[in-house]
Amino acid sequence: MAALRWVGCSAAALLLAACGGQGEGDAPAPAEAVPSAEAVAPGEPAMGEIWGDWVVRKASLSNPDGPVQAYGSAELDALKGLELTITSDEILWTGPHIDGDDPQYFSFRDACEYPQIVPGDTSETVAITCAGDTTFGPPGEQTRLSGDDSLTLPWYDGVTLELQRLP
C-alpha cells in the first residue's frame, strides 16, 4: 500500500516541479520517506504487478461436484489462449471466441473501466473493482497473484482461470 501512496506523491511532486509549484518554505520529502524495493515482504507480490498482458493457460471448474456445470471439457479447453490486458484505464479480454457470436462467451465481452486494485484477504490476493463500484468477475471473489508471473482468476459459472504473464 505504501508503494501506491509513494507513486501518487511522486506524481504530485513531479507536477509541482514541472509547474514551478514548490513554494518558499516547502521542503522536499526526506529521502527516508521514499520506500525501497525491500519494502515489499519476500514472497508478497506488489499490487502493481497485475498490470500487463496475460494469457489463459488452464481453465477448470472451481467445484466440479457443485451445482453449476455450465462448462464442459470442450468449453474449458476453448478458453485456453484467451488474453487479458490489464491497464489503469481498463481490463479487456481478447481472443477469437470473444469476437465471434457464441453466447457462451458473453461474460468475457464486458470491459472493466478504470479498475481499482485493492489488497485482498491475504498477501497474495487482490480485489478488483471497476468504475461504478462493480466487480471484475463474480462478486466476492479475489484474484491471486503468484511470484512466478501467474494469476488465478475466479470467473463466472464456477470457472477458475489460470493465466500466465505474456513477455
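Note that this is a predicted model, so its numbers are computed, not measured.

Draft legend 1. Inspection of the state of the cysteines at higher detail. For the structure on display, the rule yields one disulfide. Here Cys-112 pairs with Cys-130 through a disulfide, and the sulfurs are 1.9 Å apart. Around the S-S axis, the bridge from Cys-112 to Cys-130 shows a dihedral of about -115° and counts as left-handed. Note that Cys-112 is positioned in strand β4 (residues 112-113) and Cys-130 in the loop between β6 (125-129) and β7 (143-146), a separation of 18 residues in sequence. Cys-130 shares its class with Cys-112; the two are buried.

Draft legend 2. Broad picture of the pattern of salt bridges. In the structure shown here, the tally under the stated rule is two salt bridges. Ionic pairing is found between Asp-77 and Lys-80, a salt bridge with its closest N-O pair at 3.5 Å. When its relative accessible area of 46% is taken as the criterion, Asp-77 is described as partly exposed. Across the pair Asp-149 and Arg-165 runs a salt bridge whose closest N-O atoms are separated by 3.3 Å. Placement of Asp-149 in the loop between β7 and β8 (150-155) and of Arg-165 in strand β9 (residues 159-165) is noted, with a sequence separation of 16 residues between them. For Arg-165, a relative accessible area of 22% puts it in the partly exposed group.

Cut-offs applied
- Residues numbered from 1 in each chain as written.
- Predicted model: local features only at pLDDT ≥ 70, side-chain atom pairs only at ≥ 80, totals over all residues.
- Heavy atoms only, no water.
- Disulfide = S-S within 2.5 Å.
- Helix = DSSP H or I, 4+ residues; strand = E, 2+ residues; numbered from the N terminus.
- Buried < 20%, exposed > 50% of the residue type's maximum accessible area, 1.4 Å probe, protein only.
- Salt bridge = Lys/Arg side-chain N within 4 Å of Asp/Glu carboxyl O.

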